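# Coordinates in review
Here's the letter readout for the chains.
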Amino acid sequence: MRMLFEIDKKDYVIGGSVFSRPSARGIIIKNGKIAMVHSRKYDYYKFPGGGIEGNERKEDALIREVLEETGLCVVRESITEYGQVHRIQKGTKEDVFIQDNYYFLCSVEDDVKQQTLDEYEADEGFVLEYVTPKFAADKNRKSMVDGVSKEMLERDAKVLEFLMQEGYF
């Protein structure tokens with residue numbers, strides 16, 4: 001998968017304890033808009049998706065996470081690699097936090113099922129919204145608030161910009 005960009009804060013201890021958490025994220029485009037998860041609590045947007053568990057395949061994690069966070073059922077045959085974002089910084093509990101975010105273009109079934117949110121996702125009021133990529137990117141850059149990873153918000157804003165520059169919108 002092609003590398004879109006890297007976020008390296010260089011604020012970590014080299015040789016220290018490391019925690020790595022890869023993730024799979026869906027790029028779902030419909031009628032000129034993109035499916036995003038909106039945090040009503042902090043007013044930001046993120047691509048639907050999340051952590052890859054154990055030996056789980058990236059595509060399986062994508063399907064599971066998109067369904068949990070949005071209620072959308074990804075059509076497995078539509079999944080296409082888009083790009084990767086590598087993030088490395090000081091962790092909250094460990095010396096080094098590494099996250100490889102794998103983004104996939106995909107289609108979804110028409111019907112929307114019930115979300116199955118984690119406690120923190122429910123607390124943030126995660127809801128599915130179809131928005132223009134410019135709106136979501138601009139909102140993320142204005143929503144840099146405490147309690148939300150500034151790197152995550154900027155990461156998704158930059159991926160949205162890549163999609164716009166490459167003519168997906």
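Residues numbered from 1 in each chain as written. Predicted model: local features only at pLDDT ≥ 70, side-chain atom pairs only at ≥ 80, totals over all residues. Heavy atoms only, no water.

Unlike most non-glycine residues, Lys10 shows phi in positive territory, near 55°. Position of Lys10 among the secondary structure elements: in the loop between strand S1 (3-8) and strand S2 (18-20). (Helix = DSSP H or I, 4+ residues; strand = E, 2+ residues; numbered from the N terminus.)

Before going further, it helps to examine the pattern of salt bridges. One pass over the structure, following the stated rule, counts 17 salt bridges. When the shortest N-O distance is used, the salt bridge between Lys139 and Asp43 registers 2.9 Å. Here Lys139, found in helix H3 (residues 133-142), pairs with Asp43, found in the loop between strand S5 (33-39) and strand S6 (44-46); they are 96 residues apart in sequence, far enough to count as distant. Classification of Asp43 by relative accessible area gives partly exposed; the value is 28%. Residue Arg64 pairs with Glu56 through a salt bridge whose shortest N-O separation is 2.8 Å. Each of Glu53, Glu56, Arg64, Glu65 and Glu68 takes part in one network of salt bridges that share partners. (Salt bridge = Lys/Arg side-chain N within 4 Å of Asp/Glu carboxyl O. Buried < 20%, exposed > 50% of the residue type's maximum accessible area, 1.4 Å probe, protein only.)

Everything listed here is a matter of coordinates, which is why it stays silent on function.
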